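Next come the chains, spelled out residue by residue.
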Amino acid sequence: MLCLDTAARTTAVFSPVVDVVAFTAPIAAAVVLSIVAALTRAPHDGIPFSWYLLVVVAFDVAHVWTTLFRCYLDTAENNRRWWLYNGAPLVLWLVLVTLFHVGGEAVFWSSIGYFAIYHFAKQQYGLLALAKGRCRDFADGVATLAADRWWLFAGAWLPILSWHLDESRRFDWFNRDDLFVHKWLSRRVLKPAVAALLDVRAMCEGERPFEGSGIEADGDASSASSFTATTIVDQLTNVFCGAMKPPDHCHAGGHAPASDSTAPPSTSVVDWWQSVDDTTYYAVADAAHSLVTYVVYPAMAAYLAYLLFIKRPAARRRKAAAAATTVEPPVSGGVSPFRHLPTLLLVYTWISWGVGVLVNHRIVSLLFLNLFHAVPAYIIAFAVTHNRWKLARISNDTGTSTMLDLIGQFFTRKRHAWLYLSLLVALGSAEEFLWESLVWQDYTPEWWSFDPSTDFHPSLRAMLSSTLILPQVVHYFLDMFIWKMGRLPDGSEENPGLRAHMGLGGGPPRSTSVS
């Protein structure tokens, strides 16, 4: 039985061979394929069709269909959370269509891109917690897992932060007019808000019938109303941009220019905002990018290496020496090399995000991000589903199997692993064929003259894009629920049977999840 033969292995997550395939092979394959891409002079900013099939279709797109085996090809599990598994796709589709209509394609793809980034990082933390649970690596308490959690997230978020601060890069997670969130806020929200406030203020000032510091005693109601509106707008303007108003001495040469009574009212705030966006902003962003990329990130990586390979091993050796003089039993797992798997997963995560985000090469980035994410997803979905039906057959608890159950059982038998992968790749290929033929047309032949940007009504395009991206978004969303291995306050499991299907005894603490 996959993943439950605990007598044969006490520290491997699945088995020694499968662990190597799931965690080490993706990084090794990414390195080898990156060398191949360099030797074949693959373009930096594009993806040839052969690489597209390998890196995008076979891994990034196809792996999202593993959710079928956990949620939809298991009738008992689907009935247990019927509203979640069957209602979430409809609700998410409505949200996606609304997002496309309200925010446009840039906001649509950017939002899904950030959701994907969160999903990738969260899955890797779940794998780390699973490895620690299998290795019984909780001897130092939950604090060790919490510390490793933040180290893992730092390995993901620091490259993402550096990416956001690099003005020579763009947000190309999906490479579909994605926008960095801070640039979107600056261009689409803050600058229009400042301009609108100044327009309203100018309008109010133009309607003000009295000049001076106040309203005359015989002023009428409209005067008071205009003055009040101007005062409110002044306050709102101060909230948004008052702190950014340049002082009088901030002019060329350090001196204020001579006053010109004939000059029109100045819109200095908007002008200064534009100058900050074009000059000062870029200088500050470049300095912050250099600080994060060349100082903070390497320093934290060096300290993590010291922590994992020097400090913690020394502490464990001291603890083992102290335990040798007492009657304490030896630590579970003996001297198996797989006791170091949690350490390796932290290192692999830093490598995956560091190379995948900081290296500005499209194929290399996809290799390091997609392979390390998709291969464990393939294996863990297969192992859990295989063990679920294996245990059911052993305990004669299969019940009345439906056609969906039989399909799930058939594809997750050990000897059918190649059929399992073939089915997922076929589903991913079908999905990507629809994307390519109806929306993107990056690789379609020249005779395919259909232009979706002009031939489709915007509403139809919104519904089509939302429908085609739905499998990925549902995968991201449901993964937040279906892999939780903790316990509810009443002591029951959040996902009944999942801990047994994972081969966990004591397992990780309550907040742990695989994805």
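Residues numbered from 1 in each chain as written. Predicted model: local features only at pLDDT ≥ 70, side-chain atom pairs only at ≥ 80, totals over all residues. Heavy atoms only, no water.

1. Examining the overall build of the protein chain
Okay, so step 1: Each helix and strand in the protein chain was counted, giving 16 helices and zero strands.
Okay, so step 2: Counting only residues that meet the buried cut, the protein chain has 44% of its 515 residues in that class.
Okay, so step 3: Residue pairs in contact within the protein chain that sit at least 24 positions apart in sequence constitute 75% of those at least 6 positions apart.
Okay, so step 4: Carbon and sulfur atoms make up 66% of the accessible area of the protein chain, which amounts to about 25700 Å² in all. (Helix = DSSP H or I, 4+ residues; strand = E, 2+ residues; numbered from the N terminus. Buried < 20%, exposed > 50% of the residue type's maximum accessible area, 1.4 Å probe, protein only. Contact = heavy atoms within 4.5 Å. Areas by Shrake-Rupley, 256 points an atom, 1.4 Å probe, with all protein chains shown as cover.)

2. What about the side chain of threonine 412?
Okay, so step 1: In this structure, threonine 412 sits in the loop between helix 12 (403-411) and helix 13 (417-440).
Okay, so step 2: One polar contact links the side chain of threonine 412 to the main-chain carbonyl oxygen of glycine 408, over a distance of 2.6 Å.
Okay, so step 3: Setting aside chain neighbours within four positions, we find threonine 412 in contact with Phe69, Phe382, Thr385, His386, Trp389 and Tyr420. (Polar contact = N/O pair within 3.5 Å; in protein donor to acceptor, adjacent residues only side chain to side chain.)

3. As for the packing of aromatic side chains
Okay, so step 1: For the structure shown, the criterion picks out 24 aromatic pairs.
Okay, so step 2: Both rings, one in tryptophan 82 and one in tryptophan 83, keep their centres 5.1 Å apart while their planes meet at 85°; by these two values the pair is edge-to-face.
Okay, so step 3: Note on tryptophan 83: relative accessible area 71%, which makes it exposed.
Okay, so step 4: Measuring from ring centre to ring centre gives 5.3 Å for tryptophan 109 and tryptophan 440, while their planes differ by 50°; the resulting arrangement is tilted. Taken together, the positions of tryptophan 109 in helix 5 (residues 82-134) and tryptophan 440 in helix 13 put the pair 331 residues apart, joining distant regions of the chain.
Okay, so step 5: Taking the relative accessible area as the measure of exposure, tryptophan 109 reaches 2% and is therefore buried.
Okay, so step 6: According to the relative accessible area criterion, tryptophan 440 is buried, its value standing at 15%. (Phe/Tyr/Trp six-rings, centres within 6.5 Å; stacked < 30°, edge-to-face > 60°.)

4. Observations regarding helix 13
Okay, so step 1: A rise of 1.5 Å per residue sets the reference length of helix 13, with its 24 residues, at 34 Å; its end C-alpha atoms lie 32 Å apart and thus fit the reference within 8%.
Okay, so step 2: Within helix 13, burial applies to Leu419, Tyr420, Leu424, Gly428, Glu431, Glu432, Trp435, Glu436, Ser437, Val439 and Trp440.
Okay, so step 3: One or two steps after helix 13, the chain reaches glutamine 441, where phi turns positive at roughly 60°. (Expected span 1.5 Å × (residues − 1).)

5. A closer look at helix 11 (residues 362-394)
Okay, so step 1: End to end, helix 11 covers 47 Å across 33 residues, agreeing with the expected 48 Å (1.5 Å per residue, within 8%).
Okay, so step 2: Where helix 11 bends most, the angle comes to about 30°, and this point is asparagine 370. (Bend = angle between axes of the 7 residues up to and from the residue.)

6. Regarding the pattern of salt bridges
Okay, so step 1: Under the definition given, this model contains four salt bridges.
Okay, so step 2: In this structure, glutamate 77 engages arginine 80 in a salt bridge whose closest nitrogen and oxygen atoms are separated by 2.9 Å. Of this pair, glutamate 77 and arginine 80 are both found in helix 4 (residues 75-80), three residues apart, which corresponds to roughly one turn of the helix.
Okay, so step 3: The exposure class of glutamate 77 is buried, given its relative accessible area of 8%. (Salt bridge = Lys/Arg side-chain N within 4 Å of Asp/Glu carboxyl O.)

7. So, the packing of helix 5 against helix 11
Okay, so step 1: The geometry of helix 5 relative to helix 11 is characterised by a closest axis approach of 11 Å and an angle of 55° between their N-to-C directions. Accordingly, the angle class assigned to the pair helix 5 and helix 11 is oblique. You can see that helix 5 and helix 11 cross each other, and the crossing is left-handed. Here His119, Phe120, Gln123, Gln124, Leu127 and Leu130 of helix 5 come into contact with helix 11, specifically with Leu369, Asn370, Phe372, His373, Pro376, Ala377 and Ile380.
Okay, so step 2: Broken down by class, the residue content of the contact of helix 5 with helix 11 amounts to eight nonpolar, five polar and no charged. (Axes fitted to C-alpha atoms, helices over the stretch in contact; angles between N-to-C directions. Parallel < 35°, antiparallel > 145°, perpendicular 65-115°, else oblique. Left-handed = near helix turned anticlockwise from the far one by under 90°. Nonpolar A, V, L, I, M, F, W, Y, C, P; charged D, E, K, R; others polar.)

8. Describing a nonpolar patch on the surface
Okay, so step 1: Taken together, the side chains of Tyr303, Tyr306, Phe309 and Ile310 make up a nonpolar region of the molecular surface, amounting to roughly 420 Å² of accessible area.
Okay, so step 2: Take tyrosine 303: it is sitting in helix 9 (residues 268-324). (Patch = residues over 30% accessible without salt bridge, like charges linked within 9 Å, V, L, I, M, F, W, Y side chains within 5 Å.)

9. Here's the deal with the nonpolar core
Okay, so step 1: Core analysis: the largest hydrophobic core is formed by 104 residues, its most contacted members being Phe14, Phe23, Trp173 and Trp353.
Okay, so step 2: Discounting residues that sit within four places of it in the chain, tryptophan 353 has contacts with Ile117, Phe120, Ala121, Gln124, Gly155, Ala156, Pro159, Ile160, Trp173, Leu358 and Leu369. (Core = buried A, V, L, I, M, F, W, Y, C linked by side-chain atoms within 4.5 Å.)

10. Concerning a positive patch on the surface
Okay, so step 1: The grouping of Lys390, Arg393, Lys414 and Arg415 at the surface amounts to a positive patch.
Okay, so step 2: Here lysine 414 shows up in the loop between helix 12 and helix 13. (Lys, Arg positive; Asp, Glu negative; His and termini not counted. Charge placed at Lys NZ, Arg CZ, Asp CG, Glu CD.)

11. Considerations on the packing of helix 1 (residues 16-39) against helix 11
Okay, so step 1: Between helix 1 and helix 11, the least distance of the axes is 9 Å, while the angle of their chain directions is 160°. When the interaxial angle is binned, helix 1 and helix 11 end up roughly antiparallel. Considering the relative orientation of helix 1 and helix 11, their crossing is right-handed. The residues of helix 11 that touch helix 1, namely those facing Val18, Val21, Ala22, Phe23, Pro26, Ile27, Ala29, Ala30, Val31, Leu33, Ser34 and Ala37, are Ile363, Val364, Leu367, Phe368, Leu371, Phe372, Val375, Pro376 and Ile379.

12. Quick look at the confidence of the model for the protein chain
When pLDDT is low, close inspection of the predicted coordinates is not appropriate.
Okay, so step 1: Per-residue confidence for the protein chain gives a mean pLDDT of 75, with 67% of residues at or over 70.
Okay, so step 2: The low-confidence segment residues 3-9 (pLDDT under 50) makes 20 contacts with residues lying over four places distant or belonging to another chain.
Okay, so step 3: Here residues 506-513 is modelled with pLDDT under 50, and outside its nearest four sequence neighbours on either side it reaches 25 contacts, counting other chains as well. (pLDDT = per-residue confidence, 0-100.)

13. Points about the environment of histidine 164
Okay, so step 1: Within the secondary structure layout, histidine 164 lies in helix 6 (residues 142-165).
Okay, so step 2: In sequence terms histidine 164 and histidine 289 are 125 residues apart; their C-alpha atoms lie 8.2 Å from each other.
Okay, so step 3: Within polar-contact distance, the side chain of histidine 164 engages the side chain of tyrosine 114 at 2.6 Å.
Okay, so step 4: Among the polar contacts listed, one links the side chain of histidine 164 to the backbone oxygen of isoleucine 160, at a separation of 2.8 Å.

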